[in-house]
Every structure is written in structure tokens, then in C-alpha cells.
Amino acid sequence: MDHLLAAVDLGSNSFRLSIGRVVQQDGKAQIYAIDRLKESVRLAAGLGDDKVIDEEAIQRAITVLKRFGERLQGFHPNRVRAVATNTFRVARNVDEILPRAEAALGFPIEVIAGQEEARLIFSGITNELPPSDNRRLMIDIGGGSTEVIIGKGFKPLHMSSLYMGCVSYTRRFFPDGRITEARMQEAQIAARRELEGISRQYRKTGWQEAYGSSGTAKGLLAVLQEGGMSKKGITLDGLEKLKDKLVRDGKVIMSELPGLKHDRSLVLSGGLAIMMAAFKELKIDNMAPGEGALRVGVLYDLLGRDSEHDKRDETARQFVKRYHVDLRQSERVKRIALAFFAQLGLPDAPETQELERTLGWAADLHEIGISIAHAEYHKHSAYILEHADMPGFSRDDQLLLARLALGHQGKISKLPVHEPTRSKWLTLLCLRLAVLLSRRREDKENPPVSLSANGKNVTVSVNKKWLDAHPLSEYSLQGEKREWDKAGFELELLTH
């Protein structure tokens, strides 16, 4: 049966909304775009040297998100995914902006890491290209960051997110709009310096096809072809001709650059410098336009979650293997924790389903820190889960995983008390109790312990005969009661 999915891409230069219809063909799901909205917001232009986004830029963003929100009215939350990129990643006032942005859109917004952005861009472009065994280079020059990927088939081989974009470079090197040879050279040198760290590895791997997927690439391609500077695709020769013209004119003159749109003209100089640096540093011959990019990658990722092929499950499995997790223990803890979670009777809503999945991943991964050191391993686990590149997980996903790993043992008071909701606290309780009751690492049936909650009143019911036979568990449960009482919960131990 066909259904609709929606992706919102909150870029540093433009905000995009894509709505796709999922169609099953020959046993495979395909997404066909049925509606697209794009608005130039230039959020990165409002990012000051102090890394604070100014109110004028925030208002531009809110206005656009309200329009998108109207188009998305009636969509189920499971069918919409909104992702924010580099400017949200670096902004110091992101915690103030996100609630306002989410209220305007009407859906949660995930701030994704650079590596995750690169993965989604690769997925989006690949899904819009014909199948091929060739290695493909993909470059996406955004407003605040540039993603560079090499992949084969549907597997990315190298992924990088570099801290340079068409908006940030235009502001930095061409602040008054004046274009000179010296400024253009300075911008290219800075961009090549960013690319130096990856160029050797990328050139060694090599590729047979190169694609540019961003508005910058498409804008450059339109100008080069319609201006007669390139016959097919983007070439270094064509880019040099465009650069020479801009330097001669001293600025961007739209009437002399057919194919150039107004919003793209504002950031053309910075985008051109970055693209020229990429061609020179990576030794690219020709670049074709790549469709789809981030927003299509988000749609296919959403489709994967919807069809039970969640990329996050694969990432969790890879981490279990990489960090040599004791599988029997993690499965034991997961089984008990999820049993407790089911007993809580939380509302049957997307947020609850997502929490249940997160609890499962936290149980899988809570001991990964042991691979570093057993002493205070929960802190090592939390650090890895918060800071590692975890494909499929947003920053918020990783932060919640890290909090659960950090809080699965020891004092609850070390956790930030202002952020977690009641349901997140209860999720942590399920994990803590499961770890506590699995301490002997023995394969036995779930212990005769049940959990119920009403507001901040939590009841742990235990079979008295079992408790008498397990004095260590009784001692630990009493300690757990004291911890939760300190956190403002009323945890009652009942025997029957």
C-alpha cells in the first residue's frame, strides 16, 4: 500500500521540504517525489563570530518553518523527519532556538553530526542514480559545511564533513561582495587546507564518476553551461573562466551570468572558491549533477525505519562487535529491561516506541566502555556513545544513549536533572533494575520482580521467598530505593 513520507532539511543556506510517495515495485520500495518546497534562509549569515545566531536570522527560519508546518499538517510523526546541519551544530544558542523552531514546524528537529549528514547525502544521491559497480565521488557544498564521500553501490567507503561552506566562505573572504584575484586565491588556499587531510586517502581509493549534489554545484553548472564556459558538466577549465570573469567584473553581475538565481548569486564567490579547491586538491576531471542529496537520504532512512530495516540496528550490532561486548549479558539485560518497560503502561505513542528502541540499544551497548577499562566503565561507555560516529543516530539519539549508559549504575545525582522527562527517568530505572538483577551473569528466567508507576510514585514488587534467598539483590534494591528517593521519586519496595 502506498503512503507518504516527509523530510525537512534545515541547511545553513536553504531550508527544504520534500514529500515522497512510497510505492512497492517488484518487492522493492521506491520513493517518488510529489511535492517540494525550498526557501533561502541563509541561517549561517546570521552566525556571528561568537557563534550565536542573531534574532533576524532566527525569525527568517521561524517564518519558513511555519509555512512548512502548514504543509505537513495531518502527517503522523512517524512519517516526518526533520534534520538540522552545520549552523545548528556550531551555534552556541541552539538550545534556545530548537524549541522555537520545533514549535513553528510542529515536529521534532534532530541536529545531526557531520558524518551522519555525509551518510544521508550519499544515500540520497545513490538512490537517485542508476545502479553501478563504479566507485563514485560525491561532493555537497552546503552553507556551512562541505561533505565529501566515496562509495560503491550503496556502501560508503570514505565520508568526511569539512568546516567550510558557501555562506561562511563568502562572509569570510568576500564580506562586501568585492571579488579580487587575491581574495579568490586566499579562499582557495583555505579550502585546500581543509581538503589536505583527506585528499591523499581519497585519491588513493580513486573513483570513476564524480557528482556535485548541492545548490552550489547546480548553480555553478547552470552558469557554466548557459554561459558557454563548459559543454558538459563542471570542469576546472570552466570554473577558471567563471573566476576570471568575476575578478574582471569585481562582483557578481546577475544580468551577465545566465542561469544564476538571485539567492545563489549571494553566495556564488564562496561556493566557487571551494569547488575550485576541490577540483585542484582531489584532481577531479569532470563533475555531473547529483540529484536527491540529504533530503532524499532522509526519506530513504525514514523508509528503512518504517519497514523495520533501521540503520541504527545495524550500527548497534557493529558497535557490539567492535567493542567485544558480552553478548549473553547484554541480551540478558535487554530482555529484563524491556519486560519492565512493557509493565509501565506508557502511552502507545511514537515517543514511547522510540524510547523502547533506545532502551534496547542502551542495554546492548551499556558495557562497551569495559573495552577501555573496567574501573568506571560506565563513564567510558557514555563518552563513546556521545562522541563516536554512529550512522543512523542523531545527536539527540546519541546523547540519550550516553545518559542511559552513564546512569545505568552508581549515583543518579550525577545526571542532569533538568532535561530528562518522566518517561526517560522511568526508562533509566528499567535499565538500572535489569543490570542490578543480572549481576551474577547467569542464564535464568526473569526474576519475580515487577514494576509499576503512577506519576513520580514507583512500585517495585518482589516475591518475598525469592528476595530472602537473594540477600545481595535485596541490599541492592534497598540502595536503589535510596537513590530514586534522592532524585525526587517515591520508590516503594513491596514483597508478596
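Calculation rules
- Residues numbered from 1 in each chain as written.
- Predicted model: local features only at pLDDT ≥ 70, side-chain atom pairs only at ≥ 80, totals over all residues.
- Heavy atoms only, no water.
- Helix = DSSP H or I, 4+ residues; strand = E, 2+ residues; numbered from the N terminus.
- Rg over C-alpha atoms; globule rule 2.2 N^0.38 Å.
- Contact = heavy atoms within 4.5 Å.
- Pairing = 2+ DSSP bridges.
- Axes fitted to C-alpha atoms, helices over the stretch in contact; angles between N-to-C directions.
- Phe/Tyr/Trp six-rings, centres within 6.5 Å; stacked < 30°, edge-to-face > 60°.
- Buried < 20%, exposed > 50% of the residue type's maximum accessible area, 1.4 Å probe, protein only.
- Lys NZ or Arg CZ within 6 Å of the ring centre and 35° of its normal.
- Polar contact = N/O pair within 3.5 Å; in protein donor to acceptor, adjacent residues only side chain to side chain.

Caption draft 1: Representation of the overall build of the chain. Tallying secondary structure elements over the chain gives 19 helices and 14 strands in all. Computed over the C-alpha atoms, the radius of gyration of the chain is 26 Å, within 12% of the 23 Å expected from 2.2 N^0.38 for a compact globule of 496 residues. If you line up the chain on its principal axes, its C-alpha atoms span 90 × 50 × 45 Å. By sequence separation, contacts in the chain at least 24 residues apart represent 68% of the contacts at least 6 residues apart.

Caption draft 2: How the structure looks around the sheet that holds strand E11 (residues 286–289). If you trace the 6 strands from one edge of the open sheet to the other, you get E8-E7-E6-E9-E11-E10, paired in mixed fashion. Each edge of the open sheet is held by one strand with a lone partner, namely strand E8 (155–162) and strand E10 (234–235). With 7 bridges joining them, strand E7 (residues 146–152) and E8 adopt antiparallel strand pairing. Bridge pairing in E8 places Glu 147 opposite Ser 161. The strands touched by helix H10 (residues 268–282) within the sheet are strand E6 (135–141), E7, E10 and E11, with E6 carrying the most contacts at an inclination of about 155°.

Caption draft 3: Main features of the packing of aromatic side chains. What the rule picks out here adds up to 5 aromatic pairs. Ring centres of Trp 425 and Phe 489 lie 6.3 Å apart, and the angle between their planes is 65°; on these two criteria the pair is classed as edge-to-face. Here Trp 425, found in helix H17 (residues 422–437), pairs with Phe 489, found in the loop between helix H19 (471–486) and strand E14 (490–495); they are 64 residues apart in sequence, far enough to count as distant. A single burial state applies to Trp 425 and to Phe 489, both of which are buried. Through successive ring pairs, a cluster of aromatic residues spans Trp 425, Trp 484 and Phe 489. Its guanidinium or amino end placed over the ring of Tyr 169, Arg 172 lies 5.5 Å from that ring's centre, counting from NZ or CZ. If you follow Arg 322 out to its NZ or CZ, it ends over the ring of Phe 319, 4.7 Å from the centre.

Caption draft 4: Expanded view of the side chain of Thr 87. Topologically, Thr 87 is positioned in helix H2 (residues 86–90). For Thr 87, a relative accessible area of 2% translates into the label buried. Of the polar contacts made by the side chain of Thr 87, one reaches the side chain of Ser 12; its length is 2.7 Å. Among all residues touching Thr 87, those that are not within four sequence positions of it are Ser 12, Leu 43, Ala 44, Leu 47 and Ile 53.

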